[in-house]
Protein chains: 4
Amino acid sequence: MLRIADKTFNSRLLLGSGKFASPQLMQQAVAASNCQLVTLALKRLELDKAHDDLLSPLKAMNVQLLPNTSGTKTAKEAVFAAELAREALQTHWLKLEIHPDARYLMPDPIETLLAAEQLVKLGFVVLPYCSADPVLCKRLEQVGCAAVMPLGAAIGSNQGLQTRAMLEIIIEQATVPVIIDAGLGAPSHAAAAMELGAAAVLVNTAIASSENPVAMAHAFALAVEAGHSAFTAGLAHHSSQAIASSPFTDFLAAL
Amino acid sequence: MLRIADKTFNSRLLLGSGKFASPQLMQQAVAASNCQLVTLALKRLELDKAHDDLLSPLKAMNVQLLPNTSGTKTAKEAVFAAELAREALQTHWLKLEIHPDARYLMPDPIETLLAAEQLVKLGFVVLPYCSADPVLCKRLEQVGCAAVMPLGAAIGSNQGLQTRAMLEIIIEQATVPVIIDAGLGAPSHAAAAMELGAAAVLVNTAIASSENPVAMAHAFALAVEAGHSAFTAGLAHHSSQAIASSPFTDFLAAL
Amino acid sequence: MLRIADKTFNSRLLLGSGKFASPQLMQQAVAASNCQLVTLALKRLELDKAHDDLLSPLKAMNVQLLPNTSGTKTAKEAVFAAELAREALQTHWLKLEIHPDARYLMPDPIETLLAAEQLVKLGFVVLPYCSADPVLCKRLEQVGCAAVMPLGAAIGSNQGLQTRAMLEIIIEQATVPVIIDAGLGAPSHAAAAMELGAAAVLVNTAIASSENPVAMAHAFALAVEAGHSAFTAGLAHHSSQAIASSPFTDFLAAL
Amino acid sequence: MLRIADKTFNSRLLLGSGKFASPQLMQQAVAASNCQLVTLALKRLELDKAHDDLLSPLKAMNVQLLPNTSGTKTAKEAVFAAELAREALQTHWLKLEIHPDARYLMPDPIETLLAAEQLVKLGFVVLPYCSADPVLCKRLEQVGCAAVMPLGAAIGSNQGLQTRAMLEIIIEQATVPVIIDAGLGAPSHAAAAMELGAAAVLVNTAIASSENPVAMAHAFALAVEAGHSAFTAGLAHHSSQAIASSPFTDFLAAL
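Taking an unreviewed UniProt entry as the reference, chain A is identified by name as Thiazole synthase belonging to Rheinheimera muenzenbergensis. Per UniProt, chain A carries the Subunit (unreviewed entry) text "Homotetramer. Forms heterodimers with either ThiH or ThiS." Word for word, the UniProt comment on chain A under Pathway (unreviewed entry) is "Cofactor biosynthesis; thiamine diphosphate biosynthesis."

Okay, here's the thing in structure tokens:
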């Protein structure tokens, strides 16, 4: 069971709700993944509509909504967005995202830490998206974040665990759940993240942009479970030398 | 469904039966993996015993036995071993393994092709373990092998898909199933092999040597299914540039 | 020519002076590398001695000294150390290093940015060691740093360009020289960093800990030149398909 | 010094002569690389011309010509081509290349071994291009090849050391020089090959297809020297933990 703040979740796969061809497809993908935490961008919501296209299906599914502050460029903007989200969605859970850079959407470590500290004081359960920076993750933890969400690669790049060496250190040092976010482009990437000891992963582009998002969501769910089970069971170490699974002495000698 | 020769299998995970702490543990791991094809070394069997420790539990499980010729160093030895196996186990399915090299257990391409050709003529369903050599795989296919089993890394090394670039070419060119054998040390490796388009994978050391072989067998089964589903659903391409899953224009502008 | 602040250098290899078996060996390695910028830890210096063992040979070589603030854990400590270094060594060049974490020596992004801003105002030429964080590097540049020094891997790990995907973004966006620091364990790593477009690299452990530091220093110098020349000449792109260097149509047809 | 058969060479970089924009550019690149062994495809030569465009400049440079059998698909064709080359170029040195596959130009292990054995008996100094197959390399050595030339990646792919795990085993086991051929796309790849302990590398596409082949040839020459020097000097091992090059205890404590 994944525990974040005061809640527990059976699934260790978080989904993003962006980029799907339709709200229906998003809803089906969420269902296929057994995901219980879904992030959504405040900007996407038409808060004044009684039945927002994106929000209504999510509410119907009884998942924990995780509004994000994507699109904000400073701590001030992010805090404002968070307040709006809390009021509109009636949740104090928040994925904090601050990226001044429009091309690669890289998170700003300074503004993120600043906003995180304020938001924790304002009563939010804060899950910050951040670079794979071991000291930054430790500081985010120290100001009270409920988890940290270091990136595996650039958002939407599908490049996988490009920051693996840093993620290993982050996971080793963390006392809150480490959720690998961004860049995971294939189930094998998600499995590898879990094998490192990540508490969970967040996937969006690789599922939403697939030709078959529902099948892909299910594939990611299986991979996350596989990787987590393997981590728990204890992975064998690499060896530069072969270790025979079958006897290599000439079996004929034994006849 | 995986089709090899005239048989079909629901599972795309093949297991090796060596290295388990006990036959019971092997049996439980096979059960947990839903594996339907299990390879076993002829040398391990005490053919004259009525109830061989390794063989009896496998027979009870109704899996397809895949005796291997591990331990042989020449085509001649391998053909002899194959004949013995066919008689003893009452199956003409065979995993052909010829490795003169005791340290890394690397397969001999010359002897393997020679033996494969003879064994096909002798009526065997031949699945040869071989190096990740695209021309060799094509030639093994041409002499009538039912599948090819190129290695991902050295046997027992747990290093994963070290031969990935060659495997991609092999899979692209093959008209028989490509089963990645040897070196897969984690579920993420198995998922990655399936995402490349492999028909199946064979795992032994990573499961048998795990602290919890039963949990690990199940984890590999999930990963194989995840990877195959993702391959079928269509994986997204890598991108060197971020593609936002959430809107990156300043959402405040819209308020 | 590498230009940093108001100085130009023929060499794009920076050396660290720590870990050498003797000051003589350090001096010889610096000479063999043609390095013109050498970093040294303030702590190592016995500032009150007329002829410090480490400092005297460096001064005799007419290289630009680059004192570092290694060992400091906060911006305040780093600024204090920088002032001491400026006075003692008569240089306002400074490698800013702040790592609160004693195990992996990972730099603190928050304290580093804070100190950099102050040190620039105090007249220092600031070269900050930092995580491979594209936004942080941009901010360090914006407060006036003369270069940025993102890490390739953990200090002393010899793991090479583990942060490659982030370094590519940093280099693409930078308007000051990007010097890859930490983790480069082999000449091939240094060449690869330069092929990405890095302005320079800093190496210490891989040279100082080698069995033959002088030969290794020369090897790194060659590799840095090789990588930089290749970057300038224009590297070819990867291809998933073979492109024959020799004719592949049957040459016999032409006879 | 690189020793192959009865000759010694100062340079450990071999060049291919194909794909250059002009013979002059090829000549200049060979000169810039200090290369002493140049391979050339028989088909490219107009043997009946007194002054062949490709051959004349090479002869003028006093390099060892290494005619290759590129374009042949069987041992029989390769032996015939070798005889033609020996007569036309007055050298019994030969790069044996047999690739039935026109797309990826992968070498045929069976035909290559067969031809190698015959050519050695016919008095040739045989350097076979082959897949990175440890057993095949050992067998090629056993039939009398003067060196083995396993591939790093597909010809012309510029992908680098994709077969690294196999090359390590080949190098460990070899008693003749191991020359990494094919796929090296950047000086860092060549340096890495030499750091593994390769005796030499062969490069063609990455140099000939560069925008500046002369500068690139020089860059590869430096990288080969760097990698070989580092191998000789003794590379440090990787570490998952940081090892401080500068003191990490608080230096202030010492003041």
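A. Inspection of the overall build of chain A at higher detail. In terms of regular secondary structure, chain A is built from 9 helices and 10 strands. Counting the 255 residues in chain A, one finds 65% classified as buried. Sequence-distant contacts, at least 24 apart, represent 65% of the contacts inside chain A between residues at least 6 apart. Working note: accessible area of chain A is about 8800 Å², and carbon and sulfur atoms make up 50% of it.

B. Representation of the pattern of salt bridges in the model. Across all of its chains, the model carries 30 salt bridges over all chains by this definition. A salt bridge links Glu83 of chain D to Arg86 of chain D, with the shortest nitrogen-to-oxygen separation between them at 3.1 Å. Taken together, the residues Glu83 of chain D and Arg86 of chain D, both in helix α3 (residues 75–89) and 3 residues apart, mark about one turn of the helix. Judged by relative accessible area, which is 24%, Arg86 of chain D ranks as partly exposed. When salt bridges with common partners are traced through the structure, they connect Lys95, Glu97 and Asp181 of chain A into a single cluster.

C. Quick peek at the relation of the copies chain C and chain A. Taken as rigid bodies, chain C and chain A are interconverted by a rotation of 180° and an axial shift of 0.0 Å, the fit giving an RMSD of 0.0 Å. In the structure described here, the two chain copies are related by an operation that fits a two-fold rotation axis. Comparing interface residues between copies, 100% of those in chain C also sit at the interface in chain A, which points to an isologous, same-surface contact.

D. Geometry of the UniProt feature "active site" (unreviewed entry) in chain A. Residue and element names in this part refer to chain A. Mapped onto this numbering, the UniProt entry annotates "active site" (unreviewed entry) at Lys95. By the element assignment, Lys95 lies in strand β6 (residues 93–96). A residue is classified by how much of its surface remains accessible, and Lys95, at 5% relative accessible area, is buried.

E. Broad picture of helix α6 (residues 164–173) of chain A. Looking at α6 of chain A, one finds that the buried residues are Ala165, Met166, Leu167, Ile169, Ile170 and Ile171 of chain A. Looking at the packing, one finds that the buried side of α6 of chain A touches α5 (134–142), β8 (149–150) and β9 (179–181) of chain A.

F. A look at the packing of α5 of chain A against α6 of chain A. Residue and element names in this part refer to chain A. Interaxial distance between α5 and α6 falls to 9 Å at its minimum, and their mutual angle equals 30°. On the basis of the axis angle, α5 is roughly parallel to α6. In the packing of α5 onto α6, the handedness of the crossing is right-handed. Contacts between α5 and α6 involve Pro134, Cys137, Lys138 and Glu141 from the first element and Met166, Ile169, Ile170 and Gln173 from the second. For the contact of α5 with α6, the class distribution of residues is 5 nonpolar, 1 polar and 2 charged.

G. Inspection of the interface of chain C and chain A at higher detail. Counting residues at the interface gives 28 residues for chain C, matched by 28 residues for chain A. Carbon and sulfur atoms supply 65% of the area buried between chain C and chain A, which totals about 2200 Å² over both sides. The interface formed by chain C and chain A contains 6 salt bridges. Salt-bridge contacts for Glu111 of chain A lead to Arg139 of chain C; the nearest nitrogen and oxygen are separated by 3.5 Å. At the level of elements, α4 (109–121), α5 (134–142) and α6 (164–173) of chain C are the ones that each hand at least two residues to the side of chain C that touches chain A. Here the side of chain C that touches chain A is built from residues that sort into 16 nonpolar, 5 polar and 7 charged.

H. Structural detail: the UniProt feature "binding site: 1-deoxy-D-xylulose 5-phosphate" (unreviewed entry) in chain A. Residue and element names in this part refer to chain A. Following the UniProt record, the feature "binding site: 1-deoxy-D-xylulose 5-phosphate" (unreviewed entry) maps to Gly156, Ala182, Gly183, Asn204 and Thr205 here. These annotated residues cover 50 residues of sequence, but their C-alpha atoms sit close together, with the largest distance between any two at 9.1 Å. Position of Gly156 relative to the elements: it lies in the loop between β8 and α6. Taking the relative accessible area as the measure of exposure, Gly156 reaches 5% and is therefore buried. Within the secondary structure, Thr205 sits in helix α8 (residues 205–208). Here the side chain of Thr205 touches Lys19 through a polar contact of 2.9 Å, side chain to side chain.

I. Just the state of the cysteines, in detail. This model, assessed by the stated rule, comprises 0 disulfides over all chains. Just so you know, Cys130 of chain A is unpaired, no disulfide at all, and the nearest cysteine sulfur is the one on Cys137 of chain A, 3.7 Å from it.

J. Structural detail: the pairing of strand β5 (residues 64–68) of chain B. All names here are of chain B. Within β5, 5 of the 5 residues are buried, which leaves the element mostly enclosed by the surrounding structure. The alternating pattern of β5 places Gln64, Leu66 and Asn68 on one face and Leu65 and Pro67 on the opposite face, and all of these are buried. Bridging between strand β4 (residues 37–41) and β5 involves 5 bridges; their strand directions are parallel. Within β5, the position partnered with Val38 by the bridge is Leu65.

K. Representation of the packing of helix α3 (residues 75–89) of chain C against α4 of chain C. All names here are of chain C. Running from N to C, α3 and α4 point in directions that differ by 40°, and their axes come no closer than 8 Å. Crossing hand, α3 versus α4: right-handed. Between α3 and α4, the residues in contact are Ala75, Ala78, Val79 and Ala82 and Glu111, Leu114, Ala115, Gln118 and Leu119, respectively. When its residues are assigned to classes, the contact of α3 with α4 shows 7 nonpolar, 1 polar and 1 charged.

Analysis parameters
- Residues numbered from 1 in each chain as written.
- Chains lettered and ligands numbered in written order.
- Predicted model: local features only at pLDDT ≥ 70, side-chain atom pairs only at ≥ 80, totals over all residues.
- Heavy atoms only, no water.
- UniProt positions renumbered as here; feature names shortened; annotations may be inferred.
- Helix = DSSP H or I, 4+ residues; strand = E, 2+ residues; numbered from the N terminus.
- Buried < 20%, exposed > 50% of the residue type's maximum accessible area, 1.4 Å probe, protein only.
- Contact = heavy atoms within 4.5 Å.
- Areas by Shrake-Rupley, 256 points an atom, 1.4 Å probe, with all protein chains shown as cover.
- Salt bridge = Lys/Arg side-chain N within 4 Å of Asp/Glu carboxyl O.
- Least-squares fit on C-alpha atoms with pLDDT ≥ 70 in both.
- Axes fitted to C-alpha atoms, helices over the stretch in contact; angles between N-to-C directions.
- Parallel < 35°, antiparallel > 145°, perpendicular 65-115°, else oblique.
- Left-handed = near helix turned anticlockwise from the far one by under 90°.
- Nonpolar A, V, L, I, M, F, W, Y, C, P; charged D, E, K, R; others polar.
- Buried area = accessible area lost by both parts, 1.4 Å probe.
- Polar contact = N/O pair within 3.5 Å; in protein donor to acceptor, adjacent residues only side chain to side chain.
- Disulfide = S-S within 2.5 Å.
- Pairing = 2+ DSSP bridges.

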